[in-house]
Amino acid sequence: MTALTLSTAGAATLRADAIVVGVAKGAKGPVVAPGAEAVDKAFDGKLASVLETLGAAGAEGEATKLPSPAGLKAPVVLAVGLGAAPEKNGSYDAEALRRAAGTAARVLTGTKKAAFALPISEAADTAAIAEGALLGAYAFTAYQGGADAKGSGKAPLAEVALLGAKPRDKAHKAAAERALALAEEINRARDLINTPPNDLTPEAFAAVASAAGKEHGLKVQILDEKALVKGGFGGILGVGQGSANPPRLVKLTYTHSRNAKTLALVGKGITYDSGGISLKPAGHNETMKCDMSGAAAVFAAVVAAARLGLPVNVTGWLALAENMPSGTATRPGDVLRMYSGKTVEVLNTDAEGRLVLGDALWKASEEKPDAIVDVATLTGAMVLALGNRTFGIMANDDAFRTAIHEIADEVGEQSWPMPLPAELRKGMDSPTADIANMGERMGGGLVAGLFLQEFVGEGITWAHLDIAGPAFHEGAPYGYTPKGGTGSSVRTLVRLAERMGAGDLG
Ligand code: BES
Ligand code: MN
Ligand code: ZN
């Protein structure tokens, strides 16, 4: 991955292949953001007007490359837009910095070393710029570059040097270290999401989780198909039984030596969702390798918590299965006995996420954690409701739901609180079983949430994040968001764990 350093060197004297500066929208045209004074000086104080001549306004997403004048060591200056300039003495919004740094890192693909001279007034700015740059530099190239490949062939930006970040200041150093660990784990989640489903089977995912978990001092337990049968995990087995690649339930445990609070995270890990016998039509299955994004996020968050030594215990449950049609697949009409003992009439085999999650939620509940958060690419309905960049939050506790929404905001993830209307439950009444896996079409995302709630242990605080929209980005890259797997919700989960450890919550 991209290397990160904090440097005390001046913007004019640091040896780099490019220097990144910020440009904001001022009242009378573009203004050069703080941090770039030395660069501006090399332009005789005319950098803003040069940029304006080149058509730059300081808008978010803008990137303008220009050759350096004499007096700068780096041969190229890259000006990235920060959006509206803050009021006098105000500071730049963390997400604006994160996105600008991400845009810069993307534009500099193929460059070895870039110095970032973006505005830093406190450690939080160092964190935002480091995160943005490291996430923006991400590229998934594992399946490209064959002998006769014609791809761009450009390597991601190899080194990011942050200027103005006070390497000897404890807070800045800690911010950079945290950003590096977080970005590496988010990028690991992205790699898992982007890995094609013929290679990332439940077994392969479990093996990756096991290796990385052990490397970072986690306890890793894997239930294979035999253990799942023995344990009575009818939901996970029912979803996985049509596939030649058998299911797994992985438990990752990070234990802190002193803290008594425990956060349990549960991830939907459908390595490929064909819909099963209720097969998805063409046009709806091409990106369904992303259906394990919840499990990838949970995995990344637990490893990040361990790497950061957060003062809280975090357990991760990865419910891994491949949803395929075959002669052994669950049929619409079958009844499954879930791990909790409840029976479920499967009316639609494409509503599989709630089945694997139901088992994992009940299993996680048995340990009576202080809170459970599940993460899933659960419903198309949530995408219709909130679009492609916002995840929905449902919970059995209003304050917990609000807290998660605020935390997501704070870390730069778009989310929105959604209700769990009790009247939608009766749509899942089944004449044959305790509950059906489908209900009313209207409010489908909330119906799924209500189904999950049935598998949360009595008295446990629980929230459900439906990341079906933001988990996988099909449009053009922007800011620090690449095409493909995004790592949605990892930053929110890690901050939530931090907050619980600090005693702010639960
Ligand atoms: N994995 C899908 C949901 C999904 C849709 C994720 C689009 C990402 C993008 C899920 O398993 C599914 O198929 N849900 C069905 C449920 C329905 C059959 C009740 C849906 O949303 O259509
Ligand atoms: Mn499905
Ligand atoms: Zn699915």
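Below: a short report on this structure.

Criteria and cut-off values
All chains use their own residue numbering, which begins from 1 and follows the written sequence. For naming, the first written chain is A and the first written ligand is 1, with later ones following in the order written. Only residues with pLDDT of 70 or above have their local features reported here, since the model is predicted, and side-chain atom pairs are shown and tallied only from 80 upward, although totals for entire chains, interfaces and linings are computed over all residues. Note that water and hydrogens are dropped before the side-chain values are worked out from all heavy atoms of the structure. Counted as donors are the N, O and S atoms within 2.8 Å of the metal, or 3.2 Å for Na, K and Ca, while water is not among the atoms, so some sites may look incomplete. Here a site with four donors is tetrahedral if all angles are between 85 and 135 degrees, and a site with four or six donors is square planar or octahedral if opposite donors are over 155 degrees apart and the other angles are between 65 and 115; anything else gets the irregular label. Going along the chain from the N terminus, every DSSP run of H or I of four or more residues is numbered as a helix, and every run of E of two or more is numbered as a strand. For each residue, the accessible area found with a 1.4 Å probe, counting protein chains only, is set against the maximum for its type, and the residue is called buried under 20%, exposed over 50%, and partly exposed in between. Residues are counted as near a molecule or strand when any one of their heavy atoms sits within 4 Å of it. Pairs of N or O atoms within 3.5 Å make up the polar contacts considered here, provided that, within protein, one atom can donate a hydrogen while the other can accept it, and that residues adjacent in sequence are counted only when both atoms are side-chain atoms. Accessible surface area values rest on a Shrake-Rupley calculation with a 1.4 Å probe, where residue burial reflects the displayed protein chains alone. Here a cavity is any set of points on a 1 Å grid over the protein atoms alone where a 1.4 Å probe fits but cannot get out, and a pocket is any open set with protein on both sides within 12 Å along at least 5 of 7 lines; a residue lines the site when it has an atom within 4 Å of a point. If over half the atoms of a molecule are within 2 Å of the grid points of a cavity or pocket, the molecule is regarded as sitting in it. In this classification, Asp, Glu, Lys and Arg are treated as charged, Ala, Val, Leu, Ile, Met, Phe, Trp, Tyr, Cys and Pro as nonpolar, and every other residue, Gly included, as polar.

## Examining the coordination of the zinc ion (ligand 3)
In an ideal octahedron of six donors the angles at the metal are 90 or 180 degrees, and in an ideal tetrahedron of four donors they are 109.5 degrees.
Then, in step 1: Within the first shell, the zinc ion (ligand 3) binds the protein through K268 (NZ), D273 (OD), D291 (OD) and E352 (OE), at distances of 2.0 to 2.4 Å.
Then, in step 2: Relative to the metal, the six donor atoms surrounding the zinc ion (ligand 3) lie at angles of 78 to 173°, and the coordination shape comes out octahedral.
Then, in step 3: We note that the donor set of the zinc ion (ligand 3) lies within a single chain, spaced as K-x4-D-x17-D-x60-E.
Then, in step 4: In this structure the manganese ion (ligand 2) is found 3.1 Å away from the zinc ion (ligand 3), and D273 serves as a bridging donor for the pair. Taken together, the residues D273 in strand 10 (residues 262-273) and E352 in the loop between strand 13 (343-345) and helix 10 (353-366) connect sequence positions 79 residues apart. For the pair D273 and E352, a shared accessibility class is recorded, and that class is buried.

## A closer look at the coordination of the manganese ion (ligand 2)
Then, in step 1: Surrounding the manganese ion (ligand 2) are the protein donor atoms D273 (OD), D350 (O), D350 (OD) and E352 (OE), at 2.1 to 2.2 Å.
Then, in step 2: Site description for the manganese ion (ligand 2): donor spacing in sequence, D-x76-D-x1-E.
Then, in step 3: Among the residues examined, D350 registers a relative accessible area of 22% and is labelled partly exposed.

## A look at the site of ligand 1
Then, in step 1: Taken together, the neighbourhood of ligand 1 is formed by 15 residues, with K280, D291, D350, E352 and G380 sitting nearest.
Then, in step 2: Between K268 and ligand 1, the recorded distance is 3.2 Å, taken from a side-chain N or O atom to an oxygen atom.
Then, in step 3: At 2.9 Å from an oxygen atom of ligand 1 is found a side-chain nitrogen or oxygen belonging to D273.
Then, in step 4: Protein contact buries 76% of the 520 Å² of open area that ligand 1 shows by itself.
Then, in step 5: When each cavity is represented as a set of grid points, ligand 1 is found to reside in the largest pocket.
Then, in step 6: Here the shell around ligand 1 is built from residues that sort into four nonpolar, four polar and seven charged.

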